[in-house]
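The lines below spell out each chain.
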Amino acid sequence: MAAKLKAEQIVSIYNKLERDKDTLKSHWQEIADYIVPRRQNVTTQLTPGGKRMSKIYDATAIRALRIFANGLYGHLTSQAYPWFDLTTKNKDLADSPAVKWWLSDTTERMRSAINASRAAQSLHELYTDLGWAGTGCMYIEPGKRYAINYQTLDISTVCIMEDANGVVDSVYRLARFSARQCIQYWGNKCSEKIQKAYKENKLNEMFDIIHAVYPREDYDWNKRDTLNMPWAVRYVEKESKNELAESGLKVFPYCVPRWEKDTTEVYGRSPCMDILPDVKMLNQMCYDDMRAMQKRIDPPLLASKESALSTTRTTPGSVIYHKTGEPPQPMNFGGDIKLAFEAENQRRVAIEKGLYTDLFLLLAQSNDANKTATEVRELIEEKITLLGPALSRLQTELFDPMLSTTFQILYSAGFIMPAPQELLGEGLEVEYVGRLALAMKQTETRAAIATLGLAGNIAQFAPDVLDNFDTDEIAIGTAMRNGMPIKYIRPPDVRDQIRQQRAEEAAKQQQAAMALEASKAMPGLSKAPEAGSPAEAMMGQ
């Protein structure tokens, strides 16, 4: 059994992880200087309210990053429409009325809790971090104002470690608390320095606190207290190495997605890292072209030497004195300014494509108004394919752990109804139904529709060909891939009962029709027997 980490070891681990991140932080700082000016505090200390655009001459990358974050949020996790559904790993249970109702009810409760919290703001901030830093960090905990609190942390203050499978399982982050906040949270457990600052009324004096969450290997499974839970939670003062608090959690409270990741690195790589050369080049182009335009608009004047003895004024309405026959002339500059503008626009297009702006604004930016709906869908599919690996990583490192932690918190707090008996021991799965997720599934839908259309033509002279297809499964699969909630689809037993009733009704109508045809073929049978005839005597018996 591993020994418990001491407070000094917590500080030492954080310092080592922070030193290992120095090179990456300098890269982040350069990206922030040109693309995310509000995040320029990676390696520098900024004055609140100070100017942060002094190095920027073109805002194309800033706007493209905003579209990138807005596009991911709007097409993956928007509150405007459902973006996930709960299902069971055992698909046979999904048709059970009790299971189906519980899954639908639990999904709605989770959606309500997420929509009522700050999840929207936190996710949007996280998508921005993924765009420029390549790594994001979201902290999830039971809330006070809301059922769940989602908080995206400043990635420059976060240090992470992976387990043997490449999954982030340890987070050491630096948080700054005022003396007043420290006393409110930890009281007399604070160091003498913090207590002294509080007593001297230096309430806003800031102190560095390390918040460490990592797997606990020295706990007793049979105990239920916070010191015997799978995840250790420690708060330690960085300067004094004084431990403020220790507790534990049942689930890992962090989601740490990476946009792209090299096998030899822990932190992710971002789209802005790829376009940084283009951004810096465009920035320099705009600066140079601006100077060139100024020279063209207000060029230097060529004048005789004698003119140097007098002050030459070029303001409107001014009088210029010059030597006879040698008036001042504007200096002519060579070069094609239009060519410079074209080069700028080429860099702007490259920047926007690097942040997938052409995907999120495909219809608005399409220059060909004559494209058919099929051509537009195919173009969208082609561009979504480029996002496939990143979206798969987002599902594994962000959405799955986020929804799992959300479920655990809500279930522990009693916000979710107990599961039916059929689900005991069975696992749950998440079906993502956001716009991008559905768009990536449209290939199967269109393939099914195209195949059935072809099979329909063949069936005109070979009807047996349709026996190869399970049309019920095709219809249900197509509906779900188009985003239809599963509760709108009838269970198979209800569907089969409706079909049986319809068949019985059709059989009755067929019998009635056959009886009617028989009566028409033998009209004498439909007449009443004549009085006194043998037939009347037989009828009377």
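The notes below deal with the structure included here. (Residues numbered from 1 in each chain as written. Predicted model: local features only at pLDDT ≥ 70, side-chain atom pairs only at ≥ 80, totals over all residues. Heavy atoms only, no water.)

## Digging into the side chain of Thr-60
Piece 1. Of note, Thr-60 is situated in helix 3 (residues 60-76).
Piece 2. We classify Thr-60 as buried; its relative accessible area is 3%.
Piece 3. A distance of 2.5 Å separates polar atoms of two side chains, one belonging to Thr-60 and the other to Asp-58.
Piece 4. A polar atom in the side chain of Thr-60 sits 3.4 Å from the side chain of Arg-348. (Helix = DSSP H or I, 4+ residues; strand = E, 2+ residues; numbered from the N terminus. Buried < 20%, exposed > 50% of the residue type's maximum accessible area, 1.4 Å probe, protein only. Polar contact = N/O pair within 3.5 Å; in protein donor to acceptor, adjacent residues only side chain to side chain.)

## Digging into empty space enclosed by the protein
Piece 1. Within the structure shown, the criterion is met by three cavities of 30 Å³ or more.
Piece 2. Considering only enclosed or pocket space, the second largest cavity measures out at about 50 Å³ in volume.
Piece 3. Every residue lining the second largest cavity is listed: Tyr-34, Ile-56, Asp-58, Thr-60, Ala-61, Val-279, Leu-282, Asn-283 and Ile-351.
Piece 4. When contributions to the lining of the second largest cavity are tallied by element, the ones reaching two or more residues are helix 3 and helix 8 (271-297).
Piece 5. With three residues, the top contributor of residues to the lining of the second largest cavity is helix 8.
Piece 6. A class-by-class count of the residues in the lining of the second largest cavity yields six nonpolar, two polar and one charged. (1 Å grid on protein atoms, 1.4 Å probe; cavity = no way out; pocket = protein on both sides within 12 Å on 5 of 7 lines; lining within 4 Å. Points joined across faces, edges and corners; volume = space filled by probe spheres on them. Nonpolar A, V, L, I, M, F, W, Y, C, P; charged D, E, K, R; others polar.)

## Quick word on the environment of Ala-113
Piece 1. Here Ala-113 lies in helix 4 (residues 97-116).
Piece 2. Residue classification places Ala-113 among the buried residues on the basis of a relative accessible area of 12%.
Piece 3. Note: C-alpha distance between Ala-113 and Asn-149 (36 residues apart in sequence) is 9.8 Å.

## Some points on the nonpolar core
Piece 1. Grouped together as the largest cluster of nonpolar side chains are 97 residues, with contacts concentrated most on Trp-28, Ile-35, Tyr-127, Trp-132, Tyr-172, Tyr-254 and Trp-259.
Piece 2. Counting residues per element, this core draws most heavily on helix 12 (residues 373-412), which supplies 12 residues.
Piece 3. Each residue touching Tyr-254, except ones within four places of it in the same chain, is listed here: Cys-137, Met-138, Tyr-139, Leu-153, Val-171, Arg-173, His-211 and Val-213. (Core = buried A, V, L, I, M, F, W, Y, C linked by side-chain atoms within 4.5 Å. Contact = heavy atoms within 4.5 Å.)

## Points about the sheet that holds strand 6 (residues 206-215)
Piece 1. Reading across from one edge, 4-5-6-7-8 is the order of the five strands in this open sheet, with antiparallel pairing throughout. Either end of the sheet is taken by a strand with one partner, and the two such strands are strand 4 (158-162) and strand 8 (243-249). Sheet twist, expressed as the mean angle between neighbouring strand axes with direction ignored, is 15 degrees.
Piece 2. Where strand 7 (residues 231-237) and strand 8 come together, six bridges link them in antiparallel fashion. (Pairing = 2+ DSSP bridges. Axes fitted to C-alpha atoms, helices over the stretch in contact; angles between N-to-C directions.)

## Overview of a negative patch on the surface
Piece 1. A cluster of acidic residues, Asp-92, Asp-95, Asp-470, Glu-473 and Asp-493, forms a negative patch at the surface.
Piece 2. Here Asp-92 is to be found in the loop between strand 1 (84-88) and helix 4.
Piece 3. The class for Asp-92 is exposed, based on a relative accessible area of 67%. (Patch = residues over 30% accessible without salt bridge, like charges linked within 9 Å, V, L, I, M, F, W, Y side chains within 5 Å. Areas by Shrake-Rupley, 256 points an atom, 1.4 Å probe, with all protein chains shown as cover. Salt bridge = Lys/Arg side-chain N within 4 Å of Asp/Glu carboxyl O. Lys, Arg positive; Asp, Glu negative; His and termini not counted. Charge placed at Lys NZ, Arg CZ, Asp CG, Glu CD.)

## Structural notes on the environment of Glu-265
Piece 1. As for its position among the elements, Glu-265 is in the loop between strand 9 (254-255) and helix 8.
Piece 2. Measuring from C-alpha to C-alpha, the distance between Glu-265 and Gly-166 comes to 10.0 Å, with 99 residues separating the pair along the chain.
Piece 3. Only 2.8 Å separates the side chain of Glu-265 from the side chain of Arg-269, close enough to count as a polar contact.

## So, helix 8
Piece 1. A rise of 1.5 Å per residue sets the reference length of helix 8, with its 27 residues, at 39 Å; its end C-alpha atoms lie 38 Å apart and thus fit the reference within 8%.
Piece 2. Helix geometry: helix 8 is bent most strongly at Pro-277, by close to 40 degrees.
Piece 3. Of all the residues in helix 8, the buried ones are Pro-271, Cys-272, Met-273, Ile-275, Leu-276, Asp-278, Val-279, Leu-282, Asn-283, Cys-286 and Asp-289.
Piece 4. The inward-facing, buried residues of helix 8 abut helix 2 (22-34), helix 3, helix 5 (119-132) and helix 9 (337-354). (Expected span 1.5 Å × (residues − 1). Bend = angle between axes of the 7 residues up to and from the residue.)

## Here's the deal with unusual backbone geometry
Piece 1. Residue Asn-201 is not a glycine yet carries a positive backbone phi of 65 degrees.
Piece 2. Residue position: Asn-201 is located in the loop between helix 7 (192-199) and strand 6.
Piece 3. The residue Tyr-356 is not glycine, and still its phi comes out positive at about 60 degrees.
Piece 4. By the element assignment, Tyr-356 lies in the loop between helix 9 and helix 10 (357-360).

## A few points about helix 4
Piece 1. Across its 20 residues, helix 4 extends 28 Å between first and last C-alpha, which sits within 8% of the 28 Å expected from 1.5 Å per residue.
Piece 2. Val-99, Lys-100, Trp-102, Leu-103, Asp-105, Thr-106, Thr-107, Met-110, Arg-111, Ala-113 and Ile-114 are the residues of helix 4 that are buried.

## Here's the deal with the pairing of strand 5 (residues 168-178)
Piece 1. Of all the 11 residues making up strand 5, 10 are buried; the element is thus mostly covered by neighbouring parts of the structure.
Piece 2. The sheet contact formed by strand 4 and strand 5 spans five bridges and is antiparallel. For Ile-160, the partnering residue across the bridge sits in strand 5 and is Val-171.
Piece 3. Here strand 4 folds back onto strand 5, and the loop between the two strands holds five residues, one of which, Gly-166, carries a positive phi near 80 degrees.
Piece 4. Here eight bridges tie strand 5 to strand 6, and the two strands are oriented antiparallel to one another.

## Considering the pattern of salt bridges
Piece 1. If you walk through the whole model with that rule in mind, you get 24 salt bridges.
Piece 2. With its nearest N and O atoms 3.0 Å apart, the salt bridge here joins Glu-162 to Arg-258. Taken together, the residues span a long stretch of sequence, with Glu-162 in strand 4 and Arg-258 in the loop between strand 9 and helix 8 at a distance of 96 residues.
Piece 3. Look at Glu-162 and you get partly exposed, because its relative accessible area is 25%.
Piece 4. Measuring nitrogen to oxygen at the nearest pair gives 2.6 Å for the salt bridge that ties Asp-208 to Arg-176.

## Notes on the packing of aromatic side chains
Piece 1. One pass over the structure, following the stated rule, counts 20 aromatic pairs.
Piece 2. Ring plane angle 65 degrees and centroid distance 6.3 Å describe the contact between Trp-28 and Trp-132, whose orientation is recorded as edge-to-face. Taken together, the residues span a long stretch of sequence, with Trp-28 in helix 2 and Trp-132 in helix 5 at a distance of 104 residues.
Piece 3. The class for Trp-132 is buried, based on a relative accessible area of 1%.
Piece 4. Here the aromatic rings of Phe-399 and Tyr-432 are separated by 5.8 Å at their centres, their planes lie at 45 degrees, and the arrangement is tilted. (Phe/Tyr/Trp six-rings, centres within 6.5 Å; stacked < 30°, edge-to-face > 60°.)

## Some details on the sheet that holds strand 9
Piece 1. With antiparallel pairing, three strands are arranged side by side in an open sheet as 3-2-9. Taken across any chain shown, the strands that pair with only one partner, and hence form the sheet edges, are strand 3 (148-152) and strand 9.
Piece 2. As paired elements, strand 2 (residues 138-142) and strand 3 share five bridges and run antiparallel to each other. Bridging from a neighbouring strand, Ile-140 pairs with Tyr-150 of strand 3.

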